[in-house]
Amino acid sequence: MRCLVVADLHYALPQFDWVLSIAPRFDVVIIAGDALDIGSIVDFRAQIVVVRKYLERLASKTRVILCSGNHDLDERDEAGERISRWIGDLGHLGIAHDGESLTIGDTFFTICPWWDGPRVKERIGMQLEEAAAAHRGRWIWIHHAPAANSPTSWGGARTFGDAELVQWIESYTPDIVLSGHVHQSPFVKDGSWFDRIGDTWVFNMGQQFGPTPAHIVLDLDSNRAYWFSAAGEQSIDLGKPLQRPADRIETFPDWLTAGSQAAARAGGPTPATTRPETG
């Protein structure tokens, strides 16, 4: 199984177009939060309408998994905590979303919402406990905020990660956690697009301007992860211990060649300087 992983698209419609064009190459497309942009001049309700149309088209091409990020929150629940109601309403499109778990092939996916307070945080804890009892085989979490005190959450001056996520990882030991949120982590000194917490691989592909988003490809059959951005193209072997630096990709697999090198050709400014620290 091959998964395309993006995050922090922030209503960048050319990047949505790119994801839509390349989606048929993959068994699963995962959007790890922040499909919308609360800082955009485009009305938030209009953004939801447009992105929902993209997601509907995407779901007609492949399986889609989407978790909420802090930019995706459009309502408050009865306790006053912010939630993403519009993402919760996507189930009729066949899109797996916040609060759900599902099995695709031999892989069990658990999708966590952005938590804004103790109520949703407690709900995630219960979700993970139930999923731990139910899952078989490989277990992948989608959680917008990366783990605290990891290179994947390093902003250049301090960490912007989630300490609760670290505790959950230590308690349940998933195989992989896919995040976003801290845009520049892969592009700054002491940051990275990958890390390992115990036996768990954690990832954050970063964010960049241009028509091609920074993205990760998981080839679960060959047990490798590939990272593509305007800053370079790297890969790691998920079956080996953590080692740095990652391997530079010298030869592309045939199935990946046509789409992957677009990231290297995207050009534009250095990703680390194009966006604020988190989104």
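For the structure itself, look to the data block above.
Definitions and cut-offs
- Residues numbered from 1 in each chain as written.
- Predicted model: local features only at pLDDT ≥ 70, side-chain atom pairs only at ≥ 80, totals over all residues.
- Heavy atoms only, no water.
- Helix = DSSP H or I, 4+ residues; strand = E, 2+ residues; numbered from the N terminus.
- Rg over C-alpha atoms; globule rule 2.2 N^0.38 Å.
- Buried < 20%, exposed > 50% of the residue type's maximum accessible area, 1.4 Å probe, protein only.
- Contact = heavy atoms within 4.5 Å.
- Polar contact = N/O pair within 3.5 Å; in protein donor to acceptor, adjacent residues only side chain to side chain.
- Phe/Tyr/Trp six-rings, centres within 6.5 Å; stacked < 30°, edge-to-face > 60°.

(A) Focus on the overall build of the protein chain. In terms of regular secondary structure, the protein chain is built from seven helices and 15 strands. Computed over the C-alpha atoms, the radius of gyration of the protein chain is 17 Å, within 12% of the 19 Å expected from 2.2 N^0.38 for a compact globule of 279 residues. With the C-alpha coordinates aligned to their principal axes, the bounding extent of the protein chain is approximately 50 × 40 × 40 Å. By the burial criterion, 56% of the 279 residues in the protein chain qualify as buried. Pairs at least 24 residues apart make up 68% of the contacts formed inside the protein chain by residues separated by at least 6 positions.

(B) The environment of His 183, seen in detail. With respect to the helices and strands, the residue His 183 is situated in the loop between strand 9 (176-179) and strand 10 (194-197). Separated by 144 residues in the primary sequence, His 183 and Gly 39 place their C-alpha atoms 15 Å from one another. Engagement of the side chain of His 183 in a polar contact is seen with the side chain of His 10, the distance being 3.2 Å.

(C) Inspection of the packing of aromatic side chains at higher detail. Tallying each qualifying case throughout the model produces eight aromatic pairs. Geometrically, the ring pair formed by Trp 193 and Phe 203 is stacked, given 5.8 Å between the ring centres and 25° between the ring planes. Of the two residues, Trp 193 sits in the loop between strand 9 and strand 10 while Phe 203 sits in strand 11 (residues 200-204), which places them 10 residues apart along the sequence. Comparing Trp 193 with Phe 203 shows no difference in burial state: the two are buried. A centroid spacing of 6.4 Å and a plane angle of 10° characterise the contact between Tyr 226 and Phe 228, whose relative ring orientation is stacked. Like Tyr 226, the residue Phe 228 is buried in the burial classification. Among the aromatic residues, ring-to-ring pairing joins Phe 187, Trp 193, Phe 194, Trp 201, Phe 203 and Trp 227 into one connected group.

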